[in-house]
Every structure is written in C-alpha cells, then in structure tokens.
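Below are the chains, spelled out letter by letter.
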Amino acid sequence: MAKNDDNLLKKIVSHSKEYGFIFPSSEIYDGLAATYDYGQNGVELKNNIKQYWWKAMVQMNENIVGIDTAIFMHPTTWKASGHVDAFNDPLIDNKDSKKRYRADVLVEDHIAKIEGKINKEVTKAAKRFGDAFNEEEFVSTNGRVVGYKEKISSIEKRMQEVVDTQNYDDFKKLIEDLDISCPVSGSKNWTDVRQFNLMFSTELGSVAGDASTIYLRPETAQGIFVNYLNVQKSGRMKLPFGIAQIGKAFRNEIIARQFIFRMREFEQMEMQFFVKPGDELDWYEKWKEKRMKWHKALGLGENSYRFHDHLNMAHYANAATDIEYDFPMGFKELEGIHSRTDFDLTAHENHSGKKLQFFDPQENKNYVPYVVETSIGLDRMFLAVLSAAYNEETLEDGSERIVLNIPPALAPTKVAVLPLTKKDGLPEKARELIDELKFDFTAQYDEKDAIGKRYRRQDAIGTPYSVTIDHQTLEDNTVTIRDRDSMEQVRVAMEEVRTTLEKSTSLTELLRKI
Ligand code: GAP
C-alpha cells in the first residue's frame, strides 16, 4: 500500500475497530478525545512488540537490566527534570471560534500549504515534460518554486528564533504577518500566545489543604534516573550499563490527533545507558545503529525509516536524533535517541542532596555518569506495524481480500485450526491439535462459515498460518497448512505443524538478525 495516502489512515482506523485491535475509549459515551483502548487482537500485538523490545534490550544485553517504576513520583522529580518550568507548548486562542491552537502548529500548517503549492507545480511540470522531466533540476530552477522555497525557509528561520528566545509577542506577530486565519471561524482575531504546561496534575492526600499536587509522569525516564543508584548498587553494575523500562506516560497534548500517533495517555519503551563521561558520543552512534537494526529486522521496508538529526538541541543534550518512520501521514518521529550528558543525574543530585555517582576503580575517583537514551513510543510502533501490514489485494479470481502482513513473530494469533465440516469427528481432531499447540502458541479454533470465509477472517487479523482438518486427516493424520501471504497450501503430517510454527513465528529468528 502506498504511503502518504490520506485514505490509508482512515482505513486502518476502521479496520482496527472492526477486527478488535483498537477501540475509541469509553465509546458508549461518545469516546474521550485522543484516548484509545486496545482490543483482543490489539493487546496481543502490543504485547508481542513489547516482548521483541524487552528481549532485544534486556535479555540480549548482559549489561542492561529492566525495572518497573511508579507512575506517581515525588513532585520535586519534575522540578529537577525541568518539566515543571519548561515542558510547555505555546498556545493561541481564536476569539471568535473560541478554539485553541498550538501556535507552532498553525505556522507549520501554513508551511505545509506552501509545500502543497510546490508539489502542485511539480506534478503539473511532470505531466508537461513527460519522460524528460528532471524534478531535481525543476525545483532548483523554476522561479515560482524557488520563491516558495525561500518563503518557507524565511518562515522557519523566524519560528526558530521565536522558539529559541521564547518571545511569544513575536510568535503572535509571525502569525499575524503570515495572515493565518482560524480554520473554524476564518477570522484573524487572535489572543496573545501563552505557555501551557503539558503535565497532568492531581492531588495526593485526603484532607483538603494537606493535599499536595503531584503529576502523572510525562516520560518513564525519570523513574530510571531516580533509581540509578539503587540498581547500580543492588546489581553491582559497572559502567557502561543500561536500565530499561516499559510503561505509561501522560501528556496533555493540545493537538492530539492522527489516531494513536499522538495520544494523551500512551506507552513508552525507554532505556538509559550510563557511560563514562567522554564516551557518550561513541555510544550514541552505537545505539543509533543498534536501534535502526532492530527496526529493520522486522522487514517493514528498508526505505521506510530515516534519521532526522536535531540541529537545535535542548540545552542539556550534546547530540540527538529521531528515527522517523514513513507513516500514512508521511515521515514522522517514531523513536528518539539522545545523548543527555549528566544533566538529569546532576539535577537530581542538586534537588535531593543525594550523591548519584559511580566509583571508577581504574580512575580511582567518583563521577556522575553521562547518559545515552533510547526512547520509543509503543503505540507509534504499533501504528507503524499496522500501516506496513495493511494490504488490500485483488486475487487471481477477481475477488478481493484485506490481509494484515504482520511479521509472524508479532502476529496476535499464530495459527488458526479449522475443521472442514462441523461433523464426522473433525472438530474433535481440531481440538486435539489446539490442545497440543496452545501451551506455546496463540491458536484460534473456528468452525463457522465456509472455509474461504474463515481464511479471510484470519487474513484480516494477520494470522500467519491456517491449518485445515479434513477427512483425510482422520485416515493418515495429515493436515493442510495455508500460508497467509502466498495463500499456498501444503499437506503435512500433523506433527509438522509445530515445527513450522516454531521456525516461522518465534521471536528467536528475529532476535538473531539484530
Ligand atoms: N524521555 C525522552 C522522551 O520522552 P520524547 O521524544 O518526548 O522523548 C519519546 O518521547 C517517544 O515517545 C517519541 O519518539 C514517541 O514515539 C513517543 N511519544 C511522545 N509523545 C507521544 C504522544 N503524545 N502519543 C504517543 N506517543 C508519544
């Protein structure tokens, strides 16, 4: 399926609901914006992605251990990490529609419109020049396109200045100068740009007045930082070593949209790798390479990933990149890899008054380790897998099928066992096979409807193998195995089903590639 396809995301959303992958949260009350529930197939896929990550990070690296920390943390944590003071979005309201927008997104949407004009010029020219069309030459020489590009870079430059200086009056001026109007009211009647903290807060304590404000963590990383010394001492860890964690994070995103790409409650898989100061940029390069290998081993497409190195970094980082994936909406951030120096540990030392250091026996001295972080959104990874997997195919006989070509190791159900008919002892034989397989594989029994219809149902949830039990099975204990992708069927001895599943659906082969 082609990427950058407006319809693809819509199709994925409705397929996800119809087949039990993702439902809008509390849907009977019309849902809650940007909040989703994972259904019976979604949770299996999500758990398999978690396992792939956990095994690759924790099980396969003897110097990385995992933890699971509380969502609530001491409020000073967020003061130290900078989230109380600096985890803000610039917001602007339209006085007529009363709609609130992220100021930077209004400007980005304006840029996207100009980019749309460039694309139109390119499409027109490609049609006009046919085979002789050279896009690269066209975009660098065509007067109109060059003008549009200059306009974009001057807007980007102004926006960067505004973000760097946090001068929000200039932000409003930029929006006014660009003549940006509210998409709802069409008016340019804007409020000033203000800061809005993205952390959700709640109260701890039952007696009014005694209660103290605490936050739902906006990232899992701080649970790792504050446990650095606990893990280092109890695990007798030596540098370099890593701590990994999978868990929920919460952000009061203003523009939460694009399905599970940007949610208010989401899950992160993060790893902080503690290294000797001075070694961090080597490790940063190593982790960039290792994480890209992890992604590519899934076979979602060699060209579906790219690095986007940050030129302007947060003040505490000395290198940062995003692994971007070609989502249905185009290339967007899937994972961040950041060299965070000793910023977090030092900040926690300062705020807690506790030393968070490492005694280096070779150097015979204590120091605060530097940190390289890898941070991937589990839900975004889920969306990447689904959007690569979703395929509509027209078959040789003219019929159509929707198939999810999910990597077999991640598929929610590994095998479907289907008795050809509901009688003659075939269901019993099918149950016998399920009872033997269910300890090691997620297996589904299905006897309803014609066999073709049952295959389609399994295709739609991405089951890599369907085993059919027919009358010959009763005679010679053989079954047919149908491959989801090729739709080819082969007859094999019943005992061979397990070998096929072990070979083709286990995480082991995937892990061997990385
Ligand atoms: N500890 C570093 C950190 O949290 P981040 O770039 O803010 O860095 C890391 O987030 C990853 O978490 C992102 O690359 C993205 O995959 C995921 N993520 C962030 N905000 C999200 C949201 N609102 N919804 C879904 N995933 C999100």
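Residues numbered from 1 in each chain as written. Predicted model: local features only at pLDDT ≥ 70, side-chain atom pairs only at ≥ 80, totals over all residues. Heavy atoms only, no water.

**Let's talk about the domain arrangement of the chain**
When the parts come together, some accessible area is lost, and that loss is often what is quoted as the size of the interface. Split into domains, the chain comes out as domain 1 (18–73 + 200–393), domain 2 (88–197) and domain 3 (395–512). Just the C-alpha atoms count here: the centres of domain 2 and domain 3 sit 51 Å apart. (Domains from an automatic or database assignment.)

**Brief notes about the packing of helix α14 (residues 426–437) against helix α17 (residues 496–505)**
Packing of α14 against α17 leaves a shortest axis separation of 11 Å and a crossing angle of 45°. Viewed along their axes, α14 and α17 adopt a mutual orientation that is oblique. Regarding α14 and α17, the two cross each other, and that crossing is right-handed. Along its contact with α14, which presents L433, E436 and L437, the element α17 presents V497, R498 and L501. (Axes fitted to C-alpha atoms, helices over the stretch in contact; angles between N-to-C directions. Helix = DSSP H or I, 4+ residues; strand = E, 2+ residues; numbered from the N terminus. Parallel < 35°, antiparallel > 145°, perpendicular 65-115°, else oblique. Left-handed = near helix turned anticlockwise from the far one by under 90°. Contact = heavy atoms within 4.5 Å.)

**A look at helix α11 (residues 280–296)**
In this model, α11 (17 residues) spans 24 Å end to end at C-alpha, consistent with the 24 Å of a helix rising 1.5 Å per residue. Three or more residues of α11 are buried, namely E280, W283, Y284, W287, K288, R291, M292, W294 and H295. Buried residues of α11, viewed axially, fall in a sector of 165°; they line one side. Those residues of α11 that are exposed and aimed more than 90 degrees away from the buried face are D282 and E289. (Expected span 1.5 Å × (residues − 1). Buried < 20%, exposed > 50% of the residue type's maximum accessible area, 1.4 Å probe, protein only. Arc of directions from axis to C-beta.)

**A few points about the side chain of S16**
As for its placement among the helices and strands, S16 is situated in helix α1 (residues 6–18). Judged by its relative accessible area of 1%, S16 falls in the buried class. Aside from chain neighbours lying at most four places away, what touches S16 is F21, I22, F259 and L386.

**Topic: a negative patch on the surface**
The grouping of E108, D109, E115 and E156 at the surface amounts to a negative patch. Tracing the chain through its elements places E108 in helix α5 (residues 103–129). Accessibility expressed as a relative area gives 41% for E108, which makes it partly exposed. (Patch = residues over 30% accessible without salt bridge, like charges linked within 9 Å, V, L, I, M, F, W, Y side chains within 5 Å. Areas by Shrake-Rupley, 256 points an atom, 1.4 Å probe, with all protein chains shown as cover. Salt bridge = Lys/Arg side-chain N within 4 Å of Asp/Glu carboxyl O. Lys, Arg positive; Asp, Glu negative; His and termini not counted. Charge placed at Lys NZ, Arg CZ, Asp CG, Glu CD.)

**Observations concerning the packing of α5 against helix α7 (residues 143–165)**
Interaxial distance between α5 and α7 falls to 10 Å at its minimum, and their mutual angle equals 165°. The pairing of α5 with α7 is recorded here as roughly antiparallel in orientation. α7 is crossed by α5, and the crossing has left-handed handedness. Contacts between α5 and α7 pair D104, V107, E108, H110, I111, I114, E115, K117, I118, E121 and K124 from the former with R144, V145, Y148, K149, K151, I152, I155, E156 and M159 from the latter. When its residues are assigned to classes, the contact of α5 with α7 shows 9 nonpolar, 1 polar and 10 charged. (Nonpolar A, V, L, I, M, F, W, Y, C, P; charged D, E, K, R; others polar.)

**Concerning the side chain of S387**
Here S387 is to be found in helix α13 (residues 378–389). Engagement of the side chain of S387 in a polar contact is seen with the backbone oxygen of L383, the distance being 2.6 Å. (Polar contact = N/O pair within 3.5 Å; in protein donor to acceptor, adjacent residues only side chain to side chain.)

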